[in-house]
Each structure stands twice: as structure tokens, then as C-alpha cells.
Amino acid sequence: MTSMSLSIKDLLEDKAYGLDLQLLCGDAGLTNRLYSSRIQKPGLALTGYTEHLHPDRVQVLGNTEISYLSQIPEEVGSRHIEKLCTYPIACFIVTKGLDPPEFLKRSAQGAGIPLLVTHHQSSTFISLITKFLEESLLPSTHIHGVLVDVLGVGVLLLGKSGIGKSECALDLVIRGHRLVADDVIHIKKKMPAALVGQAGETIQYHMEIRGLGIINIKDLYGVSSIREKKIIDMVLELVEWDANQEYERLGIDEPMKTILGVDLPHVKIPVRPGRNLTSIIEVAARNFLLKGMGYHSAREFHEKLLARLEFRPLGNEVE
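For the protein, an unreviewed UniProt entry supplies the name HPr kinase/phosphorylase and the organism Geomonas terrae. Heading Sequence similarities (unreviewed entry) of the UniProt record for the protein holds this comment: "Belongs to the HPrK/P family." Looking at the protein in UniProt, the text filed under Cofactor (unreviewed entry) is "Mg(2+)".

Set out below in C-alpha cells:
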């Protein structure tokens, strides 16, 4: 698992979320790291009360904060800000394009705390940066496999190299299902307990078929055959058939596979000549959907079987 963090420089370089940040001073702190997606408006900390200050968070100064600092005597404001800057503040961000007081700039520069400004309103900016931080700081990992969207179910295909994962995925695409990623899957955890998988930018929409080479699924089958990302709902592992190995026969037990702390249904499918793996994967997806609606075929069959055994007539017995 990768522990994610961001530098203040990463905020400045953002283009996708439109944070529109400019650095006013404190460039020595551009390497400061952010580990939390939560932000803080310092509020009472500007008056010297720092009991509940969280210096590791982005400190947002809006119209109320800047107006307050501009109206109080400079020596008082300077004293409070200097006290505030003794903490390891990640950064200050001023909204609405406001010009902060000079004593704030001096203190931030002296303490090496980045002071940035954006033209956005406070509410708009908080929404943008929260989304940016949540997306960027999510726990993540990489898994070798194939991710496909089968009937709306995110199916993660695992198995050793050469067992036929990509061939199964290609057959599923031909049947009208959608490819998300082949080979290396980037997985991020969405709170509270969902995993989202997607392909790396360089291999997106591509698939490797041994003997054929690299093919572009989007070009071959159109945009309806691919997805950029998908929540992973279940794991199907392709394993080589072993006559000495016991495989699940009823489906009553539900093994789980844990990825980034999230438990996913884990089904092992033995591979041998003559087995139609694509159909089995489709059935597994349909069965997953049924379970989500409250229908568990294996358990219902088991319960009916037990009921028949319990109430079966004893037959003619001679006393």
C-alpha cells in the first residue's frame, strides 16, 4: 500500500481542479507535506487562542479573517500572527483575491510558511481543495491482473502470468462487456469502503494478447467497450486445475480477499481445457447481483435440502 502525501508545490501546480493558486511569500516551505484532506479556518487562532489549531491542515483565510486582521491594531495582530507562525503550519491560503496585511506576509516569510492566494470565494475554494485532497491522498496500491465491467459488476481477474486473464477479458469485450484495465491496475480506496480501479495513462485501453501483441480495445470495438475507472465488486482468481485440490462445490462459504483494508468476495475458478471461462465469469457476475438483491442460490438450496432431510417420511419399518 502506498502512503500518499502532497507538497504545497503540488497545490500550486494543479491544473485539473482549478484551484488557481499563486504564491505571495514563504517559498521556503513549498516542500511542506499534507497528509490529510481536511482544511481549517483558523478563527480564534488569529486572536492568540491556539488550543484547537491543526497546523498540519491547510489554513484558509477568507473575508472575515482578513477583515479582522486589517481592523485590529497592527502590533496586536503582528503579535498574534507571530505566535501562530511558531507552529509548523503547512500553509496559509487567502481567498477572494484579498490582499493580506503586511505583518502576515512578514511573519509567514520569516517562518518559511507558504502564503498563497486564490480568486475563488471561500466556500467554492474549500469545496475544490477538499475534492482535490481527497482524490490525491487516498490510500492506493497496484495489482497485476485485469479489471472488467461485467453487467455493471466490477470484476477483478487475478491469476499467474499466462493463465488466460487477458483472453477472458477480450472474450467478455466481444460479448458486449467493458474493459477497464489490463496488466497493471491502479487501485485507490474511496471512503469509507470502496475500491476504484483504473489503468495507467500509458496503457489505458490497451491489452496484451500473447502471440498477437498489443491491441487497442477502444479502436477495435469503440468507446462502448471501455471504461476509464470502475468500483471493484468481486475478485475472480484463475488457478490451474489440480485433481488433488478440493474446489468449492456448493458455494455456501464465501471466502474474502482483503485489499487496502476492504474485504471483497473471492472466487477461485480452476482452469482446464473445455471449460468456458467467459460464461462462468458472466454467471459469477449475475450471481453477485442476485446476492445483492437478497437471493443466495446456494444457501436456499442448502436450506431446502436440510428441510427435506428433516421431514422426509421414514418409510415402512418392521417393528
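Text resumes after the structure shown.
Just checking my understanding: could you explain the sheet that holds strand β9 (residues 153-158) for this structure?
Each strand in a sheet pairs with another by means of backbone hydrogen bonds, the pair being arranged parallel or else antiparallel. Reading across the sheet, the eight strands line up as β14-β11-β10-β8-β9-β15-β17-β16 and stay open at both edges, with mixed pairing between neighbours. Of all strands in the sheet, those with a lone pairing partner are β14 (229-231) and β16 (256-259), marking the two edges. Averaged over all pairs of adjacent strands, the angle between strand axes in this sheet comes to 40°, irrespective of strand direction. Sheet topology note: the strand β10 (residues 178-190)/strand β11 (residues 194-199) ladder contains six bridges and is antiparallel. Its bridge partner being in β11, K190 is matched across the sheet by A194. Across the sheet, helix α6 (residues 165-174) touches β8 (140-150), β9, β10 and β15 (234-240), and the angle it forms with β8 is around 35°.

For this particular structure, what's the right way to read the state of the cysteines?
Put plainly, two cysteines are in a disulfide when a covalent bond ties their sulfur atoms together. This structure, assessed with the given rule, holds zero disulfides. Looking at C85, it has no disulfide partner, and the nearest cysteine sulfur is the one in C25, 9.2 Å off. On the accessibility criterion, C85 (10% relative accessible area) is buried.

Which parts of the structure should I look at to understand the UniProt feature "active site" (unreviewed entry) in the protein?
Under the present numbering, the feature "active site" (unreviewed entry) in UniProt falls on H144, K165, D183 and R249. Once residues within four sequence positions are removed from consideration, H144 is found in contact with L158, K165 and D183. Of the polar contacts made by the side chain of H144, one reaches the side chain of D183; its length is 3.0 Å. With respect to the secondary-structure elements, D183 resides in strand β10. With residues near it in sequence (within four places) discarded, D183 still touches I143, H144, G145 and V146.

What exactly am I supposed to notice about the pattern of salt bridges here?
Opposite charge on two side chains lets them pair, provided their charged atoms get close. Applying the stated rule across the entire model yields eleven salt bridges. A salt bridge links E254 to K291; its shortest N-O distance comes to 3.1 Å. Here E254, found in the loop between β15 and β16, pairs with K291, found in helix α8 (residues 277-292); they are 37 residues apart in sequence, far enough to count as distant. By relative accessible area, which is 38% here, E254 ends up partly exposed. For K291, a relative accessible area of 30% translates into the label partly exposed. Taken together, the shared-partner salt bridges connect D99, E102 and K105 into one network.

Got a minute to help me understand the packing of aromatic side chains in this structure?
This structure, assessed with the given rule, holds one aromatic pair. Residues Y17 and F132 carry aromatic rings whose centres are separated by 5.3 Å and whose planes lie at 75° to one another, so their mutual orientation is edge-to-face. Of this pair, Y17 sits in the loop between α1 (8-12) and β2 (21-25) while F132 sits in helix α5 (residues 122-136); the two residues are 115 residues apart in sequence, bridging distant segments of the chain. A cation over an aromatic ring shows up here: R272 above the ring of W241, its NZ or CZ 4.3 Å from the ring centre.

So what exactly am I meant to see when it comes to the nonpolar core here?
Inside soluble globular proteins, nonpolar side chains tend to come together where they are buried. With 27 residues, the main nonpolar core has V148, V155, M207, I217, L236 and I281 as its most contacted residues. At the level of elements, β8, β9, α6, β12 (206-209), β15 and α8 are the ones that each hand at least two residues to this core. In terms of residue count, α6 provides more of this core than any other element does, five residues in total. For V148, the residues in contact, after removing those within four places along its chain, are V153, G154, V155, A169, L172, R178, L179 and V180.

Quick question: what am I supposed to make of the packing of helix α3 (residues 74-84) against helix α4 (residues 102-111) here?
Between two packed helices, the angle of one axis relative to the other and the distance separating the axes together describe the packing. In contact at an axis separation of 9 Å, α3 and α4 are set at 25° when each is read in the N-to-C sense. Regarding the angle of α3 to α4, the classification is roughly parallel. Viewed along their axes, α3 and α4 form a crossing whose handedness is right-handed. Residues E74, G77, S78, I81 and E82 of α3 touch α4, and the partners they reach there are F103, L104, R106 and S107. Residues belonging to the contact of α3 with α4 are distributed by class as follows: three nonpolar, three polar and three charged.

What am I meant to see in unusual backbone geometry here?
Trans peptide bonds make up the majority, and among non-glycine residues the majority have a negative phi. Positive phi outside glycine occurs at Y205, with the angle close to 75°. Backbone geometry at L260 places phi at a positive 55°, although glycine is not the residue there. By relative accessible area, L260 is classed as buried at 13%.

What is the right way to read the UniProt feature "domain: HPr(Ser) kinase/phosphorylase N-terminal" (unreviewed entry) in the protein from this model?
Within this structure's numbering, the places UniProt gives as "domain: HPr(Ser) kinase/phosphorylase N-terminal" (unreviewed entry) are residues 7-133. Between the C-alpha atoms that bound residues 7-133 the distance is 11 Å, and the span itself is 37% helix and 17% strand.

Here is what the cut-offs are and how they apply
Residues numbered from 1 in each chain as written. Predicted model: local features only at pLDDT ≥ 70, side-chain atom pairs only at ≥ 80, totals over all residues. Heavy atoms only, no water. UniProt positions renumbered as here; feature names shortened; annotations may be inferred. Pairing = 2+ DSSP bridges. Helix = DSSP H or I, 4+ residues; strand = E, 2+ residues; numbered from the N terminus. Axes fitted to C-alpha atoms, helices over the stretch in contact; angles between N-to-C directions. Contact = heavy atoms within 4.5 Å. Disulfide = S-S within 2.5 Å. Buried < 20%, exposed > 50% of the residue type's maximum accessible area, 1.4 Å probe, protein only. Polar contact = N/O pair within 3.5 Å; in protein donor to acceptor, adjacent residues only side chain to side chain. Salt bridge = Lys/Arg side-chain N within 4 Å of Asp/Glu carboxyl O. Phe/Tyr/Trp six-rings, centres within 6.5 Å; stacked < 30°, edge-to-face > 60°. Lys NZ or Arg CZ within 6 Å of the ring centre and 35° of its normal. Core = buried A, V, L, I, M, F, W, Y, C linked by side-chain atoms within 4.5 Å. Parallel < 35°, antiparallel > 145°, perpendicular 65-115°, else oblique. Left-handed = near helix turned anticlockwise from the far one by under 90°. Nonpolar A, V, L, I, M, F, W, Y, C, P; charged D, E, K, R; others polar.

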